[in-house]
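Chain residues, written in single-letter form:
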Amino acid sequence: AATRGRARWNGVGTTSDGHRVKLLANIGSAADARAGIAADAEGSGLFRTEFCFLDAAAEPDVEAQRGAYAAVLEPFAGKPVVVRTLDAGADKPLPFLAIGEEPNPALGVRGLRVAFDRPDLLDRQLTAIAAAAAETGAEVSVMAPMIATAAEAAWFAERARAAGIERVGVMVETPAAALTADALLDAVDFVSIGTNDLAQYTFAADRMLGALAALNDPWQPALLRLIANLARAGLERGKPVGVCGEAAADPQLAGVLTGLGVTSLSMNPAALPAVGAALAERTLPDWQQAARSALAATDPAGARRAAGGR
Ligand code: PEP
Ligand code: MG
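Residues numbered from 1 in each chain as written. Chains lettered and ligands numbered in written order. Predicted model: local features only at pLDDT ≥ 70, side-chain atom pairs only at ≥ 80, totals over all residues.

A. Spatial organisation of the site of ligand 1. Neighbouring residues of ligand 1: Leu46, Arg48, Asp87, Glu173, Gly194, Thr195, Asn196, Asp197, Cys244 and Gly245. For the shell around ligand 1, the elements supplying multiple residues, two or more each, are strand E2 (44-48) and helix H9 (195-202). Ranked by residues supplied to the shell around ligand 1, first place goes to H9 with three residues. Taken together, the residues of the shell around ligand 1 break down into two nonpolar, four polar and four charged. (Near = placed C-beta within 6 Å. Helix = DSSP H or I, 4+ residues; strand = E, 2+ residues; numbered from the N terminus. Nonpolar A, V, L, I, M, F, W, Y, C, P; charged D, E, K, R; others polar.)

Laid out in structure tokens, this is it:
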């Protein structure tokens, strides 16, 4: 199947009846970006900017940030790239963003929350991203991590547009954001579902703990239901709903997500051929049927079985 699949992946994500789903690369460095292009990614659905600065002792100034972003964006000239603003805190501490001791870092001041006290930091990053976009010709949009309310999304969108960035979205990583999909999508142009964190917060199960991996299984029906609610809200508004967590890299699940109405899948570049091949094995109505069956299951194994198809 792998060989047949490889032959059928031609760099355009599509079901067997021609329904298009953008297949994108997750990137954090220029090397990742080149790997994404080599794997025929149609663009990037997640550029993790914090990866550029893991060793920086002080905040890089706008010029240094522009250079760092441009180096990653350059291979994607003419292609869409979703640049995520700094997602520091919890599992990704940044030395220059001293957040202080917190009893529960995953529930603390992380992601966009850092910017509420220090909006100047966000504004400098947005300015640098806009400059790097203009310089490289990548079709850049921005999104914010760790959103809990539509008001936070609106606050971010206003600052991003003020910096000259036209397409603005947010990540959906909290159950609160997923449950208020309608209001969230009214505040921004698109959303992208971070299934790694969305699973962690939905199941109250630390994503770093191997002992809880079964709860963080992306086939959990509860997670699929949150994704279904987001996809429905997006379809109603004609606004894109992507997935950029690990779930997108599971070939069978990628088809189920497509059946739920997700419009793009962003993943480790190495996963693109298998996902592209799996997607092309069934029609959209078949994937929709698989998605309904998975939603009705009571556990991850049942969801996998139910989506198994013919
Ligand atoms: C996620 O949470 O699913 C995600 C894509 O972001 P990160 O893994 O960087 O937290
Ligand atoms: Mg996340």
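That was the structure; now back to the text.
B. Highlighting the UniProt feature "binding site: phosphoenolpyruvate" (unreviewed entry) in the protein. The UniProt feature table records "binding site: phosphoenolpyruvate" (unreviewed entry) at Arg48, Arg84, Asn196, Asp197 and Arg207. Structurally, Arg84 can be placed in strand E3 (residues 80-84). When the 28 C-beta atoms within 10 Å are taken as the criterion, Arg84 is described as buried. Beyond its immediate sequence surroundings of up to four residues, Arg84 is in contact with Leu46, Phe47, Arg48, Thr49, Met143, Pro145 and Met171. With respect to the helices and strands, the residue Asn196 is situated in helix H9. For Asn196, a count of 16 C-beta atoms within 10 Å corresponds to the partly exposed category. (UniProt positions renumbered as here; feature names shortened; annotations may be inferred. Buried ≥ 20, exposed ≤ 12 C-beta atoms within 10 Å, placed from the backbone. Contact = placed C-beta atoms within 7 Å.)

C. Representation of the packing of helix H11 (residues 251-260) against helix H12 (residues 272-279) in the model. The N-to-C vectors of H11 and H12 enclose an angle of 50°; their axes lie 8 Å apart at closest approach. The angle between H11 and H12 falls in the class oblique. For the pair H11 and H12, the crossing hand works out as right-handed. Residues Pro251, Gln252, Ala254, Gly255 and Thr258 of H11 pack against Ala274, Val275, Ala278 and Leu279 of H12. (Axes fitted to C-alpha atoms, helices over the stretch in contact; angles between N-to-C directions. Parallel < 35°, antiparallel > 145°, perpendicular 65-115°, else oblique. Left-handed = near helix turned anticlockwise from the far one by under 90°.)

D. Expanded view of H9. Burial analysis of H9 places seven of its eight residues in the buried class, which makes it a mostly covered element. Of all the positions in H9, only Thr195, Asp197, Leu198, Ala199, Gln200, Tyr201 and Thr202 are classed as buried. Of the surrounding elements, those touching the buried residues of H9 are strand E5 (168-172), helix H7 (175-179), strand E6 (190-193), helix H10 (221-237) and strand E7 (241-243). Phi for Ala204, located one or two positions after H9, is positive at around 50°.

E. Representation of the UniProt feature "binding site: Mg(2+)" (unreviewed entry) in the protein in the model. Look at the UniProt record and you will see "binding site: Mg(2+)" (unreviewed entry) annotated at Glu173 and Asp197. Their sequence span is 25 residues, while the largest C-alpha to C-alpha distance among them is just 5.1 Å; these annotated residues converge on one region. One can find Glu173 in the loop between E5 and H7. Once residues lying within four places of it in the same chain are set aside, the contact partners of Glu173 are Pro145, Met146, Gly194, Asp197, Leu198 and Tyr201. Along the chain, Asp197 falls in helix H9. On the basis of neighbour count, Asp197 is assigned to the buried category, with 24 C-beta atoms found within 10 Å. If sequence neighbours within four positions are ignored, Asp197 has contacts with Glu173 and Arg207.

F. Geometry of the environment of Asp40. Relative to the helices and strands, Asp40 resides in the loop between helix H2 (30-38) and E2. In this structure Asp40 comes out as partly exposed when scored by C-beta crowding, with 17 C-beta atoms within 10 Å. Residues Asp40 and Gly11, spaced 29 residues apart in sequence, show a C-alpha to C-alpha distance of 4.9 Å. The contact partners of Asp40, leaving out residues within four places of it in the chain, are Gly11 and Leu272.

G. Examining unusual backbone geometry more closely. For Asp40, which is not glycine, the phi torsion reads 70° and is therefore positive. Located in the positive-phi region is Ala204, a residue other than glycine, with phi close to 50°. The residue Ala204 is located in the loop between H9 and H10 in this model.

H. Structural view of the nonpolar core. Grouped together as the largest cluster of nonpolar side chains are 97 residues, with contacts concentrated most on Ile227, Leu230, Leu257, Leu265 and Val275. At eight residues, H10 tops the list of elements feeding residues into this core. Every residue in contact with Val275, bar those within four places of it in the chain, is listed here: Leu23, Ala249, Pro251, Ala254, Leu265 and Met267. (Core = buried A, V, L, I, M, F, W, Y, C linked by C-beta atoms within 7 Å.)

I. The sheet that holds E7, seen in detail. Pairing is parallel around the closed barrel formed by eight strands, whose spatial order is E1-E2-E3-E4-E5-E6-E7-E8. Across the sheet, the mean angle separating the axes of adjacent strands is 30° when strand polarity is ignored. Summarising the sheet, strand E1 (residues 22-27) and strand E8 (residues 264-267) pair through four bridges and their orientation is parallel. Residue pairing for E8: Leu24 is matched across the bridge by Ser266. (Pairing = 2+ DSSP bridges.)

J. Spatial organisation of the confidence of the model for the protein. Per-residue pLDDT for the protein averages 94, and the proportion of residues at 70 or more is 96%. Scored below 50 in pLDDT, residues 1-7 makes seven contacts in the model with residues more than four places away or belonging to other chains. Of the two predicted TM-score estimates for the complex, the pTM is 0.96 and the ipTM is 0.99. (pLDDT = per-residue confidence, 0-100.)

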